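Secondary and tertiary structure notes
For reference, the chains in residue letters:
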Amino acid sequence: MKTIYLILCLSLFFMACQPKVDNTADELFNKNSETVLANIKGFEDENQDYSMYADNAILLDTGVGAKDSLSLDDVKKNDKMLWETYDFKLITDPLVLLPGVNPDTKKPDGSVRYYGEWEVTLPATDSTEAKSAVMKYYESLDFNEEGKIILQQGYGDFGGLFTALHSDDADKSSMMEE
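A quick note: this is a predicted structure, and the numbers were derived from the prediction, not measured.

This part is about the overall build of the chain. Each helix and strand in the chain was counted, giving 5 helices and 7 strands. The proportion of buried residues among the 178 residues of the chain is 30%. In the chain, the share of contacts with a sequence separation of at least 24, taken over all contacts with a separation of at least 6, comes to 54%. As presented, the chain carries roughly 12200 Å² of accessible surface, and 56% of it is formed by carbon and sulfur atoms.

Take the pairing of strand E1 (residues 53-60) next. In this sheet, strand E7 (residues 149-156) lies alongside E1 in parallel orientation, the contact comprising 4 bridges. Note that in E7 the partner of Tyr53 across the bridge is Ile149. Bridge analysis of E1 against strand E2 (residues 69-71) gives 3 bridges, and the strand direction is antiparallel. Across the sheet, residue Leu60 finds its bridge partner in E2, namely Ser69.

In the structure shown here, the tally under the stated rule is 10 aromatic pairs. Plain terms: the ring middles of Tyr86 and Phe88 are 6.2 Å apart, the flat faces sit at 65 degrees to each other, and that makes the pair edge-to-face. By relative accessible area, Tyr86 is classed as buried at 8%. Among the residues examined, Phe88 registers a relative accessible area of 13% and is labelled buried. Chaining the aromatic ring pairs together yields one cluster made of Phe43, Trp83, Tyr86, Phe88, Trp118, Tyr137, Phe158 and Phe162.

This part takes up the pairing of E7. In terms of strand pairing, strand E6 (residues 131-143) meets E7 through 7 bridges, oriented antiparallel. Bridge assignment links Leu141 to a residue of E7, and that residue is Gln152. Linkage of E6 to E7, two consecutive antiparallel strands, is achieved through a turn of 5 residues, within which Gly147 is found at a positive phi near 80 degrees.

Next up on the list: the nonpolar core. Counting residues in each nonpolar core, the largest one holds 30 residues, and the members touching the most others are Val36, Tyr53, Phe88, Tyr114, Trp118 and Leu165. Mapped onto this core, the elements with two or more residues apiece are helix H2 (24-44), E1, helix H3 (72-85), strand E3 (87-90), strand E5 (108-122), E6 and helix H4 (158-166). In contact with Val36, other than residues within four places in its own chain, are Leu97, Val112, Tyr114, Leu141 and Phe143.

Moving on to empty space enclosed by the protein. The final tally for this structure, using the stated rule, is 1 cavity of 30 Å³ or more. Space inside the largest cavity adds up to approximately 40 Å³. Along its surface, the largest cavity is lined by Tyr53, Ala57, Ile58, Leu59, Leu70, Ser71, Leu72, Val75, Ile149 and Gln152. Within the residue set of the lining of the largest cavity, elements represented by two or more residues are E1, E2, H3 and E7. If one sorts the elements of the lining of the largest cavity by residue count, E1 sits on top with 4 residues. Counted by class, the lining of the largest cavity contains 8 nonpolar, 2 polar and no charged residues.

What counts as what
Throughout this document, residue positions are counted from 1 along each chain, in the order its sequence is written. Predicted model: local features are reported for residues with pLDDT of at least 70 only, side-chain atom pairs are reported and counted for 80 or more only, and whole-chain, interface and lining totals are derived from all residues. In computing side-chain properties, one takes all heavy atoms of the structure into account and sets aside hydrogens as well as water. Strands are runs of DSSP state E lasting at least 2 residues, helices are runs of H or I lasting at least 4, and numbering of each runs from the N terminus. Each residue is placed in one exposure class: buried if its accessible area under a 1.4 Å probe, protein chains only, is under 20% of its type's maximum, exposed if it is over 50%, and partly exposed if it falls in between. The contact criterion used is simple: two residues touch if any of their non-hydrogen atoms lie within 4.5 Å. Each accessible area is a Shrake-Rupley estimate made with a 1.4 Å probe; only the visible protein chains count as cover when residues are assessed. We call two strands paired when DSSP finds no fewer than two bridges between them. Pairing of aromatic rings covers Phe, Tyr and Trp, the last through its six-membered ring, and needs centres within 6.5 Å; plane angles under 30 degrees mean stacked, over 60 mean edge-to-face, and all others mean tilted. Buried Ala, Val, Leu, Ile, Met, Phe, Trp, Tyr and Cys residues form a nonpolar core when they are joined through side-chain atoms within 4.5 Å. Whether a set of points on the 1 Å grid over the protein atoms alone is a cavity depends on a 1.4 Å probe fitting there but being unable to get out, while an open set qualifies as a pocket with protein on both sides within 12 Å along at least five of seven lines; lining residues are those with an atom within 4 Å of a point. Grid points are joined across faces, edges and corners, and a volume is the space filled by probe spheres set on the points. Lys, Arg, Asp and Glu make up the charged group, whereas Ala, Val, Leu, Ile, Met, Phe, Trp, Tyr, Cys and Pro make up the nonpolar group; the residues left over, Gly among them, are polar.

As structure tokens, then:
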């Protein structure tokens with residue numbers, strides 16, 4: 001019986017000596033993931049809550065020939081312009097959010113990224129039918145200490161998307177025949 005108590009005591013001692021697991025990065029990632037989901041929903045619903053952004057937030061503009069980065073005011077103007085012309089719907093279901101890493105330490109830092117497919121629709125008018133196209137998209141969002149978005153960057157074939165939405169079918173069929 002003494003042997004059993006000794007083994008039990010030694011087991012408890014070794015378990016107590018284990019270092020505490022640091023869940024800070026996981027907790028940050030989970031909190032920031034909620035913000036990203038709210039950001040996506042706000043964009044889809046054309047009702048973005050810009051208070052989730054830091055005042056000095058920037059969006060890296062990754063398009064060919066585009067301005068290097070956009071301020072929050074630029075983002076607001078661009079969003080309004082996009083919503084006046086197009087409807088957006090994230091069709092990836094379920095969406096998998098992935099933790100990002102600090103580029104220097106290569107350790108999780110609470111940033112969030114995802115790969116998804118967005119369906120973008122040019123609504124019908126009196127003289128045209130609605131037209132939709134799907135774009136594969138990668139987005140990464142970094143956060144400051146207050147949990148606000150400080151950097152947002154996305155990559156997708158916007159040129160191909162807009163060409164598909166704004167070219168008429170006659171042009172497409174003649175291009176395919178060549």
